[in-house]
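This is what each chain is made of:
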Amino acid sequence: MTVTPCGFTRTPEKGLARLHWSDAGWAVDGHAPDPAMNVAGDPAGDPVKDMADDVAELRPLRGLEIEWPAAPVPLDGLLRLAAAGVPLAAPEAGDPATPDAGSVPGWVPEDLARLLADRAWLAHAPDGTARCLADLRREEHSVRLRRLAHRVSGTPAISVVMATKRPALVAGALAQMARQRGVEVEVLLGLHGVPFERVRQAVEDAGLPVAWVEAGPDVPFGQVLNDAAALAGGDHVAKWDDDDWYGPDHLADLVMAAAYSGADVVGTAGEFFYLEPLHTTIRRTTFASGAAYRSEVWSDHVAGGTILTSRSKFHDIGGFPAQPRAVDRDFLKAATEAGARVYRTHGLGYVLRRTLSGGHTWQLPLAHFLKVASSQWRGFRPSLLMEAA
C-alpha cells in the first residue's frame with residue numbers, strides 16, 4: 001500500500017498546524033482527536049496504513065509548519081506527508097517562538113530543503129471559497145512536494161499520439177512535447193486531410209522522433225488516432241490535443257499518478273480553460289450543478305487531451321473508437337467496461353483552448369464555461385506549474 005495524494009482537499013477548513021519531532025516520531029500539535037499524532041506510523045503495526053489513516057485527519061488543515069529538532073532525525077515521516085500531498089513549510093524567518101526560525105538544517109537534502117523553505121504559497125490569505133488564489137498556490141506547492149516524494153525511476157518512454165487537421169498548430173504542439181521533462185517522447189502524428197509537406201518544417205525543427213500517417217479528411221477522427229497509435233513503441237500511449245497547452249511536467253505527472261495509484265488509465269482534471277475570443281482564463285472546480293469537481297480521485301472521467309495508459313492496456317481496451325466525435329468519452333467508457341480503473345490527477349499542468357464551438361469536437365458555447373467558472377482572469381493566466389512565459 002502506497003501513501004498517495006488521493007483525497008487531497010482543495011479548500012481547507014482550518015489553518016496551519018505545527019509539526020515537531022517527539023520520542024515517538026513526527027507529531028502534529030493542536031490536532032484533534034490526538035494532539036500528538038505520530039504521522040510516521042506505529043513501528044509495531046503497518047506504518048503505511050497508519051499513515052493513510054492519519055493523513056485523512058490532516059486533510060482539513062491548510063498545511064504543517066515544521067519545528068526542526070536540534071539534531072538530525074529520520075525524514076521518512078516528512079517524505080510520506082509529501083507523498084500524500086500535505087503542504088509543508090519551514091517556519092518563517094524571524095519567528096521569535098522558534099529557534100533558528102526560517103533555517104532548514106543542513107542535514108535535510110537540498111531538493112527537499114528548497115521546497116520547505118519556499119513560503120511563497122502562504123503569501124495569500126485564504127477566504128474559504130473555491131475561487132481563492134491562496135488555495136491554488138497551496139495546491140501548486142503540494143504538487144511540487146508530491147513530485148519529490150513519488151519520483152519515478154528511470155526514464156519512461158511515452159508514445160504521444162496527436163491527430164490534427166490544423167497544420168498551423170503542429171509546430172507549437174511539438175515544441176510543448178519537446179520540453180517535457182523526465183520522460184522520453186516519440187511523436188505519432190495523424191495527419192487528417194493534411195499532406196506531410198504542410199508540416200515538414202515543423203517536424204524537422206522539433207528535435208523529436210516523429211512518425212506519421214496521412215488520412216483523408218473523411219476518415220473518422222478516432223480511426224486517424226488508431227492508425228497513428230499503431231506505430232507506438234513506448235511503454236505508454238498518451239493522447240495530445242493540438243490546440244491545448246501542456247506544462248513541462250505533464251507527462252511525468254501522469255506516469256507518476258499511474259505509479260502511485262496503480263490505475264490502468266490516468267488523466268488530469270480539465271480545470272483551466274482559455275476562452276480565446278474573450279481573452280479570458282477560467283478555472284472550473286465545480287460542476288454546473290454545484291458539486292465539487294475534484295482531482296486525485298478514482299473516476300470514469302478525465303480530460304480527453306490527457307489520457308495516458310500502458311501500450312498493452314491500450315490494445316486490450318481496443319484503442320480509440322473509430323468515430324468522428326466523442327472519441328475520448330467512449331474510450332473511457334470502453335475502458336471502464338473492460339474492467340480498467342481510471343484515475344484523475346491534478347489539472348494544474350494543462351489548459352484547454354476554446355474558440356467558437358464549431359472548432360472543437362467537444363461543442364459547448366463559451367457561455368457554458370463562464371457559467372461553471374470558479375475563478376476568472378483577464379488574459380492567459382494558467383497555474384504557475386505551466387511555467388508559461
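Up top is the structure these notes are about.
Residues numbered from 1 in each chain as written. Predicted model: local features only at pLDDT ≥ 70, side-chain atom pairs only at ≥ 80, totals over all residues. Heavy atoms only, no water.

Section: helix α3 (residues 110–117)
Reasoning step 1: Listed as buried for α3 are Leu112, Ala113, Leu115 and Leu116. Taken end-on, α3 shows its buried residues confined to a sector of 165 degrees, consistent with a single buried face. Residues of α3 that are exposed and angled more than 90 degrees away from the buried face: Glu110 and Arg114.
Reasoning step 2: For α3, the elements touching its buried residues are β4 (63–67), α2 (76–83), β5 (88–89) and α4 (133–149). (Buried < 20%, exposed > 50% of the residue type's maximum accessible area, 1.4 Å probe, protein only. Helix = DSSP H or I, 4+ residues; strand = E, 2+ residues; numbered from the N terminus. Arc of directions from axis to C-beta. Contact = heavy atoms within 4.5 Å.)

What to know about the sheet that holds strand β17 (residues 350–354)
Reasoning step 1: The 5 strands are arranged β10-β17-β12-β13-β18 in an open sheet whose pairing can be described as mixed. Each edge of the open sheet carries a strand with a single partner, namely β10 (245–246) and β18 (375–378).
Reasoning step 2: Summarising the sheet, strand β12 (residues 272–275) and strand β13 (residues 280–283) pair through 4 bridges and their orientation is antiparallel. Bridge pairing in β13 places Tyr274 opposite Thr281. (Pairing = 2+ DSSP bridges.)

Here's the deal with the sheet that holds strand β11 (residues 265–268)
Reasoning step 1: In space, the 8 strands of this open sheet follow the order β8-β7-β6-β9-β15-β11-β16-β14, with mixed pairing throughout. The open sheet has two edge strands with one neighbour each: β8 (210–215) and β14 (297–298).
Reasoning step 2: Alignment of β11 against strand β15 (residues 308–310), held across 2 bridges, turns out to be antiparallel. If you follow Val266 over to β15, its bridge partner there is Leu308.

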